[in-house]
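Structural overview for review
Listed below are the residues making up each chain.
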Amino acid sequence: MSVTAINRTLTAVLLAVLVAAPWVLPMFEAEFWLAITAEMLIWGLFAASANLLFGHVGLLSFGQALYFGFGMYGVAIGVDRFGLGFWPALGLGIAAAVAMAAVAGVFAVRLTWHYFAIITVVFSLIFYFLALRLKPLTGGDDGLSFAPPPVARFGDVTLSLGDETVQYLVILAFAVAAFAFQARLYASPLGRAFAAVRESERKAALLGIDVLKVRWIAFVIAGGLAGLAGALFAFYGRYASATYMYYVVSGEAVIWTIVGGTGTLLGPGIGAALLTLVREELSTVWEHYLLVVGAVVILTVVFAPRGIAGAWNAALARLPGVRS
Amino acid sequence: MSTTRRSFLATALAGGAASVMLARDLYAQEGGPIVIGHQVELTGGFASWGYWHDKAAKAAAKLINEGGGIAGRRLDLVTEDTESSPATGARKLRSLIQRNRAAFVTGSVHSGVMLASIPIATELKTVYFSTGEATEATGSRGTRYAFRSGTDTYALAAAGAPWAFNNLGKTWTMIFPDYAWGHSHHQEHKAVIERLGGKVHDPIAVPLDARDLLPYLTRIPQDTEVLFSVFFGAQSVAFYTQAKALGLEKTMRMYSVSGTMEAIAPEDMEGAAEGVVVVENFPRMLRFKDDEFHREHLRIMEVDPVHARETSSRRVYAKSHAWQAWENLFLLKRAIEVSGWRTKRNDPDVIRALEGMEVPNSLAHPQGAKLLRAQDHSGMIDCYISRIESNEYRVKHMVPRAELQAMLPPRVDFTTQAL
């Protein structure tokens, strides 16, 4: 049996568990964890956007929060100011994030390493302060809260995000679709071009790959993923705020990616889920829980530089009878 | 007749004559504890305020339980830290309601957190008291489930601006941090001053991270009579220190709201705050509301009666806001008992009981008598206009709640919303 086959089986089991969660958790009076799982899925998606750039193209971005914020505000402004329904508002959020990434990407992808990281932070800060100033549109530092419109209507039946099961399943559906899309993407010629650029942009150029174009495409797709996460988070929280556009939020995505495993498909999701779990359990008993999160990150970098997913794959490959 | 501490508590809490043993019996007869959540800023930018909100809520819960609990049931106060972040605050609110089964929540003083929380509390059909100043919480973003016992920017402008206009000057300049709290104060005060016939210069919005305020202070027009400032924390200290260095107080009157120097002692600013006029919700000095309830409240909170400094530390009581964390528990206790609430199914009765609730000056309500106005769920309270003299907050004028209410027509009517 191969590592890939084992991981596929485990992914299927995980998916089955996630689908069953809305019906299983209430049996244990643990409905609260449904909301937390939904949040884990959203943050996992957000971490995946940082992973796409860092793990697959070699660009360390501290600016993904900008596109997350555009996704949030697209939804909040769409619903609150324009009276849009669920799907148009979701579309507006994703489109706003993609458009912003397309523009920012033109400038950012010409740079690499620390220069790239710095320009992504600068873009993030510019729009963070702009969002704080534009109170009539964004609600400023108070943010923008709204009542979510129904997801769909079937005759007399209305699917509403107020129903926690509906909300969770909607988020799960988008998360699964987004990760499936990434799996296809990384296996495609474009995904291989990403890897070539990550390994050596000079060699990639010699192979005829338009490095800037590939980076730009990756940047826009990553912006779209972050925008989708932001749009879902706005619906989940019924709120949008400039605080989510701050570069510290981007840093969290990088940390989740590193802990979960850069360059892997599900690693960022695992990192986000694990650290959300740590936060959820520890923050109720110790307000300085971030010290533990910091310790987890340091231990991961030192003892498992490829993250949890990387360490898992390496452990599987060492098992007798398992092909890497 | 002498009043012992025990008899005083019993009288003040109306029903608190029961001893702890009796209270235990009552819990056993009436059912399990009532869980109330406290969503508070224990860490992050608002931690210096949150410390006091936490202390006030815990002290009030202890007092309630010593007096027999709520309708004979023990009050379990569950506290969650928002980290002064809307994202965390919203998550902690869900945790309080869904995980800890809090039936009611007294909430954040952070405007972003409380505005992020109101839609969630509403959706989860849970009564939520916010303690910050964003007008929207009991206005455009409020709901039937959202209450606030203190003042917002609308009320603070109505309380202080007319007096300041008549006593400090007619030509105003407003300087504030470039974010919603500052802009909100600017809009509300500008409206009042212009309505009274005064002149308001273009506002000066200062970036949030600015510590060198000189470029902004030099933009203040020469003919300014009143400089209205709204800053927070370190930027507030920077503002007063640098304004003093420029000698602005010699040519204009300095006017502000309590939030600007909340949890800060004037003496720690080495004279920079001298002469500043501030609108307070709860006078910092005992002698300007000198009654047994205020005195006992300060004793329980372990603060001195002059500077409101904690007796065991250098901390200064965030008095104009944190009293809400104390009083909200007593408002809920009263509403629960009046309405006969037993389970979450009875929440609409608690809401109806809170709407229009009037409470007397008491240990339960040491800030003073107040009305929780039915339409906008806002507290109508006495306000105080104080001037800092010799590092002390000396009250110059009290605005009675009836006067405040008359100047503050409700902008919304939540009672029309279905429950």
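Just so we're clear, the structure is a prediction, and the values are computed from it rather than from any experiment. (Residues numbered from 1 in each chain as written. Chains lettered and ligands numbered in written order. Predicted model: local features only at pLDDT ≥ 70, side-chain atom pairs only at ≥ 80, totals over all residues. Heavy atoms only, no water.)

The next thing to look at is the overall build of chain B. When helices and strands are counted, chain B shows 13 helices and 16 strands. Here the C-alpha radius of gyration of chain B, 21 Å, is about what a compact globule of 419 residues would show, namely 22 Å. Taking the principal axes of the C-alpha coordinates as reference, chain B spans close to 70 × 50 × 35 Å. Total accessible area on chain B is roughly 14500 Å²; 51% of this is exposed by carbon and sulfur atoms. (Helix = DSSP H or I, 4+ residues; strand = E, 2+ residues; numbered from the N terminus. Rg over C-alpha atoms; globule rule 2.2 N^0.38 Å. Areas by Shrake-Rupley, 256 points an atom, 1.4 Å probe, with all protein chains shown as cover.)

The subject of this paragraph is the overall build of chain A. On a plain count of helices and strands, chain A comes out with 14 helices and four strands. Taking 20 Å as the expected radius of gyration for a compact globule of 324 residues, we find that chain A reaches 20 Å, a close match to that expectation. With respect to the three principal axes, the spread of C-alpha positions in chain A is 55 × 50 × 45 Å. Each of the 324 residues in chain A was classed as buried or not, and the buried ones make up 52%. Considering only contacts within chain A whose residues lie at least 6 apart along the sequence, 77% involve residues at least 24 apart. (Buried < 20%, exposed > 50% of the residue type's maximum accessible area, 1.4 Å probe, protein only. Contact = heavy atoms within 4.5 Å.)

Residues and elements named next belong to chain B. What the three strands build is an open sheet, ordered E12-E13-E14; its pairing is antiparallel. The open sheet is flanked by strand E12 (358-359) and strand E14 (379-380), the only strands paired with a single partner. Relative to strand E13 (residues 370-372), E12 runs antiparallel, the two sharing two bridges. Directly across from Val 359, in E13, lies its bridge partner Lys 370. (Pairing = 2+ DSSP bridges.)

Attention now moves to the interface of chain B and chain A. Each partner contributes to the interface: chain B provides 31 residues, whereas chain A provides 38 residues. Together, the buried faces of chain B and chain A total about 2900 Å²; carbon and sulfur atoms form 48% of this surface. When residues of chain B are sorted by the area they lose upon contact with chain A, B:Arg91, B:Arg99 and B:Arg141 head the list and together hold 23% of the total. On inspection of chain B and its partner chain A, the count reaches seven salt bridges. Salt-bridge contacts for A:Glu280 lead to B:Arg91; the nearest nitrogen and oxygen are separated by 2.8 Å. Those elements giving two or more residues to the side of chain B that touches chain A turn out to be strand E2 (75-81), helix H4 (86-99), helix H5 (111-123) and helix H7 (180-195) of chain B. No other element matches H4(B), which puts eight residues into the side of chain B that touches chain A. The residue makeup of the side of chain B that touches chain A, split by class, is 13 nonpolar, six polar and twelve charged. (Buried area = accessible area lost by both parts, 1.4 Å probe. Salt bridge = Lys/Arg side-chain N within 4 Å of Asp/Glu carboxyl O. Nonpolar A, V, L, I, M, F, W, Y, C, P; charged D, E, K, R; others polar.)

What follows deals with a nonpolar patch on the surface. Residue and element names in this part refer to chain A. A contiguous nonpolar surface patch, about 400 Å² in accessible area, is contributed by Leu 15, Val 19, Trp 23, Leu 169 and Val 176. At the level of secondary structure, the elements contributing two or more residues to the nonpolar patch comprise helix H1 (3-24) and helix H7 (164-187). Residue contributions to the nonpolar patch peak at three residues, all from H1. Note on placement: Val 19 falls in helix H1. (Patch = residues over 30% accessible without salt bridge, like charges linked within 9 Å, V, L, I, M, F, W, Y side chains within 5 Å.)

Right, let's get into the UniProt feature "domain: Leucine-binding protein" (unreviewed entry) in chain B. Sites flagged by UniProt as "domain: Leucine-binding protein" (unreviewed entry) map to residues 33-390 of chain B. With 37% helix and 17% strand, residues 33-390 of chain B has its two end C-alpha atoms placed 48 Å apart. (UniProt positions renumbered as here; feature names shortened; annotations may be inferred.)

Take the pattern of salt bridges next. Applying the stated criterion across every chain, the model contains 40 salt bridges over all chains. B:Arg101 serves as the salt-bridge partner of A:Glu31, at 3.3 Å between the closest nitrogen and oxygen. Of the two residues, A:Glu31 is situated in the loop between H1 and helix H2 (32-57) and B:Arg101 in the loop between H4 and strand E3 (104-106); the pairing between them involves two chains. Look at A:Glu31 and you get partly exposed, because its relative accessible area is 32%. On the accessibility criterion, B:Arg101 (43% relative accessible area) is partly exposed.

Right, let's get into the packing of aromatic side chains. Each aromatic ring pair is specified by the distance between its two centres and by the angle formed by the two planes. All names here are of chain A. The tally for this structure, following the rule as stated, stands at 34 aromatic pairs over all chains. Pairing Trp 43 with Trp 256 gives two aromatic rings, centres 5.3 Å apart and planes at 50 degrees, and the pair type is tilted. You can see Trp 43 sitting in helix H2 and its partner Trp 256 sitting in helix H11 (residues 247-260), a full 213 residues away along the chain. In this structure, Trp 43 and Trp 256 share a single accessibility class: buried. Arranged with centres 4.6 Å apart and planes meeting at 50 degrees, the rings of Tyr 128 and Tyr 246 form a pair that is tilted. With Tyr 128 in helix H5 (residues 113-133) and Tyr 246 in the loop between strand E4 (239-240) and H11, the pair connects residues that are 118 residues apart, well separated along the chain. Given the relative accessible area of 28%, Tyr 246 is considered partly exposed. (Phe/Tyr/Trp six-rings, centres within 6.5 Å; stacked < 30°, edge-to-face > 60°.)

In this section: the UniProt feature "transmembrane region" (unreviewed entry) in chain A. All names here are of chain A. As annotated by UniProt and renumbered to match this structure, "transmembrane region" (unreviewed entry) occupies residues 32-54, 59-79, 85-108, 115-134, 166-187, 216-235, 255-277 and 289-309. Secondary structure content for residues 115-134 is 95% helix and 0% strand, and the end C-alpha separation is 29 Å. Its end C-alpha atoms 14 Å apart, residues 255-277 is made of 74% helix and 0% strand.

Bringing the environment of A:Ser61 into the picture now. Residues and elements named next belong to chain A. You can see Ser 61 is positioned in the loop between H2 and helix H3 (64-80). Exposure remark for Ser 61: the relative accessible area of 2% places this residue in the buried category. When the C-alpha positions of Ser 61 and Ile 119 are compared, they lie 8.8 Å apart, and in sequence the two are 58 residues distant. Residue contacts for Ser 61: discarding those within four places in its chain leaves Leu 53, Phe 116, Thr 120 and Val 254. Looking at Ser 61, its side chain comes within polar contact range of the main-chain nitrogen of Gly 63, at 3.1 Å. (Polar contact = N/O pair within 3.5 Å; in protein donor to acceptor, adjacent residues only side chain to side chain.)

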